[in-house]
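Here is how the chains run, residue by residue.
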Amino acid sequence: MKKSKVKIGIFPLTGCEGCCVAILDLPGKLLELQSKIEIVNFRLMEEESHLETESYDIVFVEGSPLTVHDIQLLKRVRKHSKYVISIGSCAHIGGIYHMKQYHDTDKIHNYVYRGKKGIENIDVKPLSAYVKVDFALPGCPITGEEFYDFVYQLLIGKAPSITQNPVCYECQIQGNQCLLQHGDVCLGPITQGGCSAICLKSKQGCWGCRGLVEDAEVSNLVKKLREKYSDKEIAKFFEVFGVKEMINKK
Amino acid sequence: MKTIKINHIAKTEGHLSFVGAMLDNNFAQAHIETEEGARLIEGILLGRKYYEAPIITSRICGVCPIVHNLTSIKAMESALNVKVTPEIILLRKILENAQIIHSHAIHAYFFSFPDIIGVSNNFNLINKFPKESKIALEVRDWGVQLARIIGGRTVHPINSVIGGFNVEPDLKELDEFMAMKDEVLKKAAQIYNFVIKYKLPKFQRPTNYVSLKSNSEYAVYDGKIYFSDNKSYDSAETFLRDVQEIVLPHEKVKRTQHLERAFMVGALARLNNSFDQLNPEAKKAWNKLKIKLPCYNSFYNILAQVVEIVNCIEELEKDYKLYKKISDKKLLVEVKPRSGKGYAVMEAPRGLLYHEYELNAQGNILHCNVITPTAMFLANLEKDLEQLLPQIKNYSDKKQKDLIKTLIRAYDPCISCATH
């Protein structure tokens, strides 16, 4: 009997699908991988919709569970997959859409839908609020390279890992100008690296889309930011990608 | 009464379903349902700082983040009374054209073309047409790389901000990619010539085509908003005078109409309205079809997209030459918070995109409204489907469903954008 290929499912929930696009932006790697494994339910690539009750070796989930259907799907794929991996900030730590939770959610729902009722208004939570997540590929969006490296690590039976160094470390290697010293907001010292400090290359301070790095010294950063910003302003920056929740949990 | 339901239509951006019903032999009802959750992006932005809007709104869509970023920036610049330099505008145009190239390449070739030839899985498409698929990917990648060099990243731009660009893109790298222009143009033409060998379904339904229009160029960044049915013009500030957003109970996507009629935006609308402004190679390509304009067959949106790929390549090369000629470039102008209202429109790959904001003196967002191309054309797509259904009533179930999906995908709907 033919040995079956490793079967990977990719499921985007509610979201921008930018992480799926990041995967697609390296088409050479995708095609190379396709010859080694079976990729199913990559809805940007194929018509056949695979049922969530099929069994998988690895399932990647992007986005936020924001409909009853999203939540059910997430629970079902968890049941039928050996590994569930979150891809992107939304799935990992709530991401941009999680900012909804810092508002009166009924009030902003009324604002957007002008008082019309009948539309689900589910709280924005990361995947881990609903199911066990085996591993997170962080970032908004993820880096395509990290995704493929991760899959290859799993294929050769290596326990996947993400280097635990702050964005700051990678930024210094790149020789970028330090925006924090310059008085801008940058969460580089407390944010998990692996992104090659890509935002800093474009002189955009890090807002923590990859989440907190292990042993993040948040209080040191806050002390530095207080030289120029109020606590309220600092908290707002922590809100953007969901870092605030991670700090609260620490 | 026969009903047709198609769940989870793939190869579109975001999740959608279709429900249709034949009321009698000649009349049908059609409805597109979004399966995306409500993210309430406009609500999220309330109370946030003006400079967060381009970053947050680009996350509405991972396929067209650039145009959300740029439209948000333009609206904020109008609210803050910021005037940018010609070199900033040129770079933005190049960035937007690069975005259109890569979005169209994936949609026209990998989402819609397989419908025309009856292949449902793109991995099979690649096996069946390895040469053409490779070329399509190369054309797309060229657009992706240009967007990366200027925007700082392929998905969700970083470098493009209110007031211009944080850093000048790596000109050496840009030069290298621009040097490939003739080759890429040839490849785009090859794809076009390949795709037009296959026949598109017959269909005709005149409608109101709405797009930006300018006398000097094929407008994507700026221009007046042109409505083809009554030949009227509007600006971003007055766009909502005759255009209404309609909120229906239980509907996550707001429908949009102009003077109570559905209208179409996107590649075919632009081409119908601005054919004269197309660049020579793009014009030549469309003329091969020998179709009288305006073209009322919505399936031709697919070919209009491929023509636009050719046009974008020609256009951004012109813009880059102009950009290079400017000495003493100023890529970032000063921005200061103040109270005000700002409106902007741009052409996203899928059609007109509208952003509006109101700020207080500290630059906090008091009001925000985003109307996306898919929200604009959804009612028109439903009207098209209602005309298509009686036309195909004698077809087998499978053939009916295939054609319905082909038409839906030809519009290139982005349900993530529409729901936001």
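A few points on the structure. (Residues numbered from 1 in each chain as written. Chains lettered and ligands numbered in written order. Predicted model: local features only at pLDDT ≥ 70, side-chain atom pairs only at ≥ 80, totals over all residues. Heavy atoms only, no water.)

Some points on the overall build of chain A
Cut-off, in case you're wondering: Numbering of helices and strands runs from the N terminus; a helix is a DSSP stretch of H or I covering at least four residues, while a strand is a stretch of E covering at least two. Throughout, radius of gyration means the C-alpha value; the globule benchmark is 2.2 Å times the number of residues raised to the power 0.38. Think of it in three bands: with a 1.4 Å probe and only protein chains considered, a residue is buried below 20% of the maximum accessible area for its type, exposed above 50%, and partly exposed in between. We call two residues in contact when some of their heavy atoms are within 4.5 Å.
If you tally the helices and strands in chain A, you get 11 helices and five strands. A globule of 250 residues ought to have a C-alpha radius of gyration of about 18 Å, and chain A, at 19 Å, matches this closely. Overall size of chain A, expressed as C-alpha extent along the three principal axes, is 65 × 50 × 30 Å. Here chain A holds 250 residues, and the buried ones make up 57% of them. Taking all contacts inside chain A whose residues are at least 6 apart in sequence as the whole, residues at least 24 apart take part in 73%.

Overview of the overall build of chain B
Our working definition: Per-residue and other accessible areas follow the Shrake-Rupley method at a 1.4 Å probe size, with only the shown protein chains counted as cover for residues. Note on charges: Lys and Arg go in the positive column, Asp and Glu in the negative column, and His and the chain ends are not counted at all. For the purpose of locating charges, the reference atoms are NZ of Lys, CZ of Arg, CG of Asp and CD of Glu.
The secondary structure content of chain B amounts to 15 helices and 14 strands. For chain B, whose C-alpha radius of gyration is 21 Å, the value lies close to the compact-globule estimate of 22 Å for 420 residues. Relative to its full complement of 420 residues, chain B shows a buried share of 68%. Partitioning the contacts of chain B with sequence separation of at least 6, the portion at a separation of at least 24 is 71%. A total of about 14,500 Å² of accessible surface is found on chain B, and carbon and sulfur atoms cover 51% of it. Charged side chains of chain B number 56 positive and 48 negative; the gap between the two group centres comes to 4 Å.

Some remarks on the sheet that holds strand β2 (residues 38-40) of chain A
Paired through backbone hydrogen bonds, the strands of a sheet run either parallel or antiparallel to each other. Residues and elements named next belong to chain A. So the rule is basically this: For two strands to pair, DSSP has to find at least two bridges joining them. Geometry is summarised by axes, namely lines fitted to C-alpha atoms with helices restricted to the contacting stretch, and by angles between N-to-C directions that run from 0 to 180 degrees.
Spatially, five strands are ordered β2-β1-β3-β4-β5 in an open sheet, and the strand pairing comes out parallel. In this open sheet, the two edge strands, each paired with only one partner strand, are β2 and β5 (135-137). Within this sheet the neighbouring strands show an average axis-to-axis angle of 25°, counted without direction. Looking at chain direction, strand β1 (residues 7-12) and strand β3 (residues 56-62) are connected through five bridges and run parallel. Pairing of P12 across the sheet is with E62, part of β3.

Let's talk about the packing of aromatic side chains
Note the cut-off: Stacked, edge-to-face and tilted are the three classes for Phe, Tyr and Trp ring pairs, Trp counted by its six-membered ring, which pair at centre distances within 6.5 Å; planes under 30 degrees apart are stacked, over 60 edge-to-face, the rest tilted. We count a charge as sitting over a ring when the NZ of a lysine or the CZ of an arginine lies within 6 Å of the ring centre and within 35 degrees of the ring normal.
Taken as a whole and assessed by the stated rule, the structure comprises 23 aromatic pairs over all chains. Here F11(A) and Y56(A) contribute two aromatic rings whose centre-to-centre distance is 5.7 Å and whose plane-to-plane angle is 90°, an arrangement assigned as edge-to-face. Separated by 45 residues along the polypeptide, F11(A) in strand β1 and Y56(A) in strand β3 bring together distant segments of the chain. With respect to class, F11(A) is no different from Y56(A); both count as buried. Ring centres 5.5 Å apart and planes at 65° place the aromatic pair W207(A) and F237(A) in the edge-to-face group. Here the residue W207(A) occupies a position in the loop between α8 (198-201) and α9 (218-226), and F237(A) occupies one in helix α10 (residues 231-239), the gap between them amounting to 30 residues. Taken as a pair, W207(A) and F237(A) share a single burial class, namely buried. Feature note: the residues Y109(B), F110(B), F113(B), F129(B), F194(B) and Y198(B) constitute an aromatic cluster, connected by ring pairs. One residue, K7(A), lies across the ring of Y56(A), its end atom 5.4 Å from the ring centre.

Here's the deal with α10(A)
Of the positions making up α10(A), those classed as buried are I234(A), F237(A), F238(A) and E239(A). In this fold, the buried residues of α10(A) make contact with α9 and α11 (243-249) of chain A.

Comments concerning a nonpolar patch on the surface
Residues and elements named next belong to chain B. Here is the rule we go by: Only residues whose relative accessible area exceeds 30% and that take part in no salt bridge are eligible for patches, with like-charged residues grouped when within 9 Å of each other and nonpolar side chains (Val, Leu, Ile, Met, Phe, Trp, Tyr) grouped when within 5 Å. Throughout this description, the term salt bridge denotes a Lys or Arg side-chain nitrogen within 4 Å of a carboxyl oxygen of Asp or Glu.
Taken together, the side chains of M1, L23 and F27 define a hydrophobic patch exposed on the protein surface, amounting to about 380 Å² of accessible area. Looking at the element boundaries, M1 is found in the segment before β1 (2-6). For M1, a relative accessible area of 74% translates into the label exposed.

A word on the interface of chain B and chain A
The following threshold applies: Computed with a 1.4 Å rolling probe, the buried area is the accessible surface lost when two parts are put together, summed over both parts. Under this definition, polar contacts are N or O atom pairs within 3.5 Å; protein pairs additionally need one hydrogen-donor-capable and one acceptor-capable atom, and for neighbouring residues in sequence, both atoms have to be side-chain atoms. Residues are sorted three ways: Asp, Glu, Lys and Arg are charged, Ala, Val, Leu, Ile, Met, Phe, Trp, Tyr, Cys and Pro are nonpolar, and all the rest, Gly among them, are polar.
Contacts between the two partners involve 67 residues from chain B and, on the opposite side, 58 residues from chain A. Looking at the side of chain B facing chain A, the largest losses of area belong to L40(B), R48(B) and F123(B), adding up to 13% of the total buried there. At the boundary of chain B and chain A, one finds four salt bridges. Here E239(A) makes a salt bridge to R48(B), at a shortest N to O gap of 2.6 Å. Across the contact surface, chain B and chain A share 25 residue pairs in polar contact (both at pLDDT 80 or more). Taken together, the elements giving at least two residues each to the side of chain B that touches chain A come down to α1 (41-44), α2 (53-58), α4 (86-117), α5 (122-128), α6 (130-151), β14 (365-371), α14 (397-410) and α15 (415-419) of chain B. By residue number, the principal contributor to the side of chain B that touches chain A is α6(B), which donates five residues. When grouped by side-chain class, the residues that make up the side of chain B that touches chain A number 27 nonpolar, 22 polar and 18 charged.

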